[in-house]
Amino acid sequence: MWDTYVIIPMTNVLLWIYDIIGHNFGVAIILFTILIRALTWPLTAQQLKGTQGMQELQKDKEWLDIQKKYKNDKEKLAQEQMRIYKERGINPFGSCLPTLIQFPIIIGLYQSIIRALAATPLSLLNLSRSLYPFLDVTKIIPLNSHFLWMDLGRPESINIFGFAVPSLAILVVITSYIQSRLMTPPSNPGDQSGAMGNMMSVYMPLFMGYIAMIYASGLSLYFITSNLLGITQYALMGRANWSNLIPGRKE
Amino acid sequence: MKLKKIFILGAVVLLSTLLSGCSASAMRSNSWAGLSADTENAFLANGSFVYAINLNNGNVTWQYPAEKADSKESYFADPVLSDDGQVIVASLGTNHSLASLNIKNGYQNWTFSDAEGAWIASPLIVDETIYAPNTDGKLYALDLAGSFLWAKHIGGALWGQPVSDGDFLYLTSLDHHLYAFDLDKKEVTWQVELSGAIPGAAALGEDGKLYLGSFGSAMVAVDPQTQDIAWETPTKGWLWDPPALDDGTLYVGDLEGFFHALNMEDGSPLWDAFQPDGPIIGTPLVTDDFVVIGTESGIAYAMDKEGKTLWQQNIGGRLYTNPVQGGDLILFAPMENDSILVALDSDGRQVWQFTPEK
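Residues numbered from 1 in each chain as written. Chains lettered and ligands numbered in written order. Predicted model: local features only at pLDDT ≥ 70, side-chain atom pairs only at ≥ 80, totals over all residues.

Draft legend 1. Looking closely at the overall build of chain B. A count of helices and strands for chain B gives one helix and 32 strands. Taken against the 2.2 N^0.38 rule, which gives 21 Å for 358 residues, the C-alpha radius of gyration of chain B at 21 Å falls within 12% of a compact globule. Projecting the C-alpha coordinates of chain B onto the three principal axes gives extents of approximately 75 × 50 × 50 Å. Looking at the 358 residues of chain B, the share that counts as buried comes to 47%. By sequence separation, contacts in chain B at least 24 residues apart represent 40% of the contacts at least 6 residues apart. (Helix = DSSP H or I, 4+ residues; strand = E, 2+ residues; numbered from the N terminus. Rg over C-alpha atoms; globule rule 2.2 N^0.38 Å. Buried ≥ 20, exposed ≤ 12 C-beta atoms within 10 Å, placed from the backbone. Contact = placed C-beta atoms within 7 Å.)

Structure follows, in C-alpha cells:
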C-alpha cells in the first residue's frame, strides 16, 4: 500500500523530472519540493490562518482575562481556552498540520531517493519494478547522484582543516529555525502555548538537523529548499514575524 | 496543550523510528547472498556473516566473524577462493572492507578498507594480484598479502567481477560501458558502449569473445579483435548476471522471466524462449547433462540442453543468487527464506538445508 501509493509515484515523478531537465538529480529534488509545496498550499494557508488567529487571541481582552482569572487552575484554564477556540473557529492543531503532513512526505522522499539512486543490487531490482510504462529509463539508469559537491545518496560533510563539517545539516538547522521563529506568534509571559512554541522552535530544527546529518544528503536538499520556500511565502504574504528572530525581542 | 505536546512529540518519535527502520532494513537486505564452493565446503556470504558449510552434511565448518557480527559490514559478493588457501570476501556495508580469510578455519588474514565506495563485485585473482572493482568507479590492485599496489579510475559504478584473458581485464560498469584494461600498461585501452546499464559481469568464451547483457534488453557479443559488437540479440526483459557458456551455446535468463538459449556464433535463438514462473537473475548452472536455473518465485528448474524440463523443485524464498555446483550437489542460496542454503542432488531432491541460528 505504502509502496504503491507513496514510494512508486514519488520515484516516478522524481525520475520524470530528472529526465526532462537534463539528468540533474539535485535540481530534480528542488523542483519536486516546489511541486510538493504547491500541492500542500491549502494546508499552509490553513496554518497561516491558525497562526494569525492565535496572534489576534494574544491581544483579545477575554483571552487575557481568563489567563489572569484561572492562572492557578490549569484544568479550568484549558477548558476555557478550548471554549474560545471553538467560538472563534480556531483550530489549535491547524498550525501543526503542515508540519505533520511533511512527515510521510519526508519518509516517502527518503525511500524514493534511495530507490531512485539504486546504490545496491536490491534497490536497483526494486527500482526496475517501480517504473511506470511511460518512462523510458533505460538511458537514464544509473542516475547521476552528484550535485555540486554532494553525493545525494550519502550523508554530506565538508572537510575543513581536517574536520568533517556537516554543512547541509547546519543549513537545515538554520533555515528550520528561521522558518519556525517567523511563524511563531508572540506570546505573553507565562503563556503555556507560547512556551511550548518556543521550545519546539528550538528542538524541532535540531531534530531536523540530526536527521539531515545521518541520512542521504538528498533529504537535506529537500529540507533546505522547503524551508526557504516557506520563509519566502511568509515574507511575500507579509506575515513573517521578523522580530522573533532576535532572542529576547518581542513585537 | 498537553495533547498538542504529546501529538508533536509522538510525531517526532514516529518519524525517527520510521526513518531508522528504513535504513536498518536497507542494511539488513541490500542484496542477495554470494555463493561459491570447492570440493569440501560451500562458502556463503550472507549479510554480516560468511559461512563455510560442509558439503557432506550441511553443518557449519566455520563462520566469520566467529561470534558477534559487525553491523557495519555486509557481505554479498561471491567469495573468491585463491590457490594459496584464502577466501576473499567483500563488504557492501558502511565500513566496506575487503577481507581475506583462512579457508581452513575462517580466521582473518588481512583487511583492506581504503576504498571510497562499497564492494558489490567479487574480485578476480590473476598472477598473484587481486583486482577488485569498486562502486567508486576504481579498480583496486592488491597483492595476496593484502598490500595495496595501485588504484585506477575506470568509470561508473563497477558491480561485475572482471574476467581476464591474461593480457586484459574486462570490466563492466553501470555507466553502460564494457572496458578493456591493459594489465601491462595499467590503463583502459578500449571500450564499447551498450544500450543500458551493465550490473553483471561479462562471460569470456573460449573463442575469445565477450558475452554480456544489460538493461538495454539485449544479449551482446563483443569481439576484442575488432573492439566492437559482433552481434546483438534482443531479449524480452533486462539482463542482470552473465550468461553461461557451453559448447557453442549461450544460456541466459531475463527479468521478464524468459530463459534463452542462443547460438554463440551469431546470437540466433536455438529454441523458443522458455518461460518459467518468475524473473531470472542468476547465471544458469551448466552440468554435463543439464542446465539449472532459479527464479524469483523460489523454484529451481533443470532442463536438458534441448530445452525440455527434467525436474523442478520448490526451494522457497527468492532465488537471485547463481546456483553453484559443489561436488555432486547443486546449491541454491534463497533470499527471504529461513534456510539460506539448500543442497539438491542431480535429480532435484533436497539433500540438506542450512538454517543459521538466530
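Draft legend 2. Layout of the overall build of chain A. Broken down by element type, chain A carries 10 helices and four strands. When the helices and strands of chain A are placed in sequence order, the string is α-α-α-α-α-α-α-β-β-β-β-α-α-α. For chain A, the residues scored as buried account for 36% of the 251 residues in total. Within chain A, residue pairs in contact and separated by at least 24 positions form 74% of the contacts whose partners lie at least 6 positions apart.

Draft legend 3. Seen up close, the environment of Val165 of chain A. All names here are of chain A. Locating Val165 in the fold gives a position in strand S4 (residues 163-165). For Val165, a count of 13 C-beta atoms within 10 Å translates into the label partly exposed. Through-space distance from the C-alpha of Val165 to that of Leu125 is 34 Å; in sequence the pair is 40 residues apart. Apart from residues no more than four positions distant in its own chain, Val165 is found in contact with Ser157, Ile158 and Ile160.

Draft legend 4. How the structure looks around the sheet that holds strand S8 (residues 108-112) of chain B. Reading across the sheet, the four strands line up as S5-S6-S7-S8 (chain B) and stay open at both edges, with antiparallel pairing between neighbours. Strands with a single pairing partner mark the edges of an open sheet, and in this sheet they are strand S5 (80-81) and S8 of chain B. (Pairing = 2+ DSSP bridges.)

Draft legend 5. View of the packing of helix H8 (residues 167-183) of chain A against helix H10 (residues 217-236) of chain A. Residues and elements named next belong to chain A. Direction vectors running N to C along H8 and H10 enclose 30°, while the axes themselves pass 9 Å from each other. Relative to H10, the element H8 is oriented roughly parallel. Between H8 and H10 the crossing geometry is left-handed. In this structure, H8 uses Leu168, Ala169, Leu171, Val172, Thr175, Ser176, Ile178, Gln179, Leu182 and Met183 to contact H10, whose residues at the interface are Ser217, Ser220, Phe223, Ile224, Asn227, Leu228, Gly230, Ile231 and Tyr234. Of the residues in the contact of H8 with H10, the class split is 12 nonpolar, seven polar and no charged. (Axes fitted to C-alpha atoms, helices over the stretch in contact; angles between N-to-C directions. Parallel < 35°, antiparallel > 145°, perpendicular 65-115°, else oblique. Left-handed = near helix turned anticlockwise from the far one by under 90°. Nonpolar A, V, L, I, M, F, W, Y, C, P; charged D, E, K, R; others polar.)

Draft legend 6. Highlighting the nonpolar core. Core analysis: the largest hydrophobic core is formed by 155 residues, its most contacted members being Leu219 of chain A together with Leu44, Val50, Tyr170, Leu178, Ala202 and Leu331 of chain B. Of the residues forming this core, the biggest block, eight residues, is contributed by helix H6 (residues 97-117) of chain A. Other than its neighbours up to four places away in sequence, Leu44 of chain B contacts Ala33, Leu35, Val50, Tyr51, Ile53, Ala333, Ile340 and Leu341 of chain B. (Core = buried A, V, L, I, M, F, W, Y, C linked by C-beta atoms within 7 Å.)

Draft legend 7. Representation of the sheet that holds strand S32 (residues 350-354) of chain B within the structure. All names here are of chain B. As summarised here, the arrangement of the four strands in space is S29-S30-S31-S32, forming an open sheet in which the pairing is antiparallel. At either margin of the open sheet sits one strand with a lone partner, and together these are strand S29 (324-326) and S32. Between one strand axis and the next, the sheet turns by 25° as a mean value, whatever way the strands run. Both strand S31 (residues 341-344) and S32 contribute to a ladder of four bridges, which runs antiparallel. Bridging from a neighbouring strand, Leu341 pairs with Phe354 of S32.

Draft legend 8. Focus on the pairing of strand S18 (residues 210-213) of chain B. Residue and element names in this part refer to chain B. Across the two faces of S18 the burial is the same, with Leu210 and Leu212 and Tyr211 and Gly213 all buried. Taken together, the two bridges between strand S17 (residues 203-204) and S18 define a ladder with antiparallel strand orientation. Note that in S18 the partner of Leu204 across the bridge is Leu210. Bridge analysis of S18 against strand S19 (residues 218-223) gives four bridges, and the strand direction is antiparallel. Residue pairing in the sheet places Tyr211 in a bridge with Ala221 of S19. Between S18 and S19, which follow one another and run antiparallel, lie four residues, and Ser217 among them has a positive phi close to 55°.

Draft legend 9. Representation of the confidence of the model for chain B within the structure. Residues and elements named next belong to chain B. Taken residue by residue, chain B gives an average pLDDT of 93. The fraction at 70 or more is 92%. The model gives residues 22-28 a pLDDT under 50, and that stretch makes six contacts with residues more than four places away or in other chains. In the predicted assembly, ipTM is 0.89 and pTM is 0.83. (pLDDT = per-residue confidence, 0-100.)

Draft legend 10. Region of interest: the environment of Asp247 of chain B. Within the fold, Asp247 of chain B resides in the loop between strand S21 (244-246) and strand S22 (249-253). Residue Asp247 of chain B is classed as exposed on the basis of its C-beta count, with 8 C-beta atoms lying within 10 Å.

Draft legend 11. Structural detail: the packing of helix H2 (residues 25-39) of chain A against H10 of chain A. Residue and element names in this part refer to chain A. Direction vectors running N to C along H2 and H10 enclose 45°, while the axes themselves pass 9 Å from each other. Between H2 and H10, the angle falls in the class oblique. Viewed along their axes, H2 and H10 form a crossing whose handedness is right-handed. Contacts from Gly26, Ile29, Ile30, Thr33, Ile34 and Arg37 in H2 reach Gly218, Leu221, Tyr222, Thr225, Ser226 and Leu229 in H10. Looking at side-chain class alone, the contact of H2 with H10 contains six nonpolar, five polar and one charged residues.

Draft legend 12. The arrangement of the environment of Trp32 of chain B in detail. Within the secondary structure, Trp32 of chain B is located in the loop between helix H1 (2-28) and strand S1 (34-37). With 24 C-beta atoms counted inside 10 Å, the residue Trp32 of chain B sits in the buried group. Note: C-alpha distance between Trp32 of chain B and Phe76 of chain B (44 residues apart in sequence) is 6.3 Å. Those residues in contact with Trp32 of chain B that sit more than four places away from it in its chain are Pro121 of chain A together with Phe76, Tyr320, Thr321 and Met335 of chain B.

Draft legend 13. Seen up close, the pairing of S22 of chain B. All names here are of chain B. Most of S22 is tucked away, with four of its five residues classed as buried. What sits between S21 and S22 in their antiparallel hairpin is a turn of two residues, with Asp247 showing a positive phi close to 50°. Here S22 runs beside strand S23 (residues 259-263); their pairing, made up of five bridges, is antiparallel. Across the sheet, Leu250 pairs through a bridge with Leu262, a residue of S23. Where S22 hands over to S23, the hairpin turn is made up of five residues, of which Gly257 adopts a positive phi near 90°.

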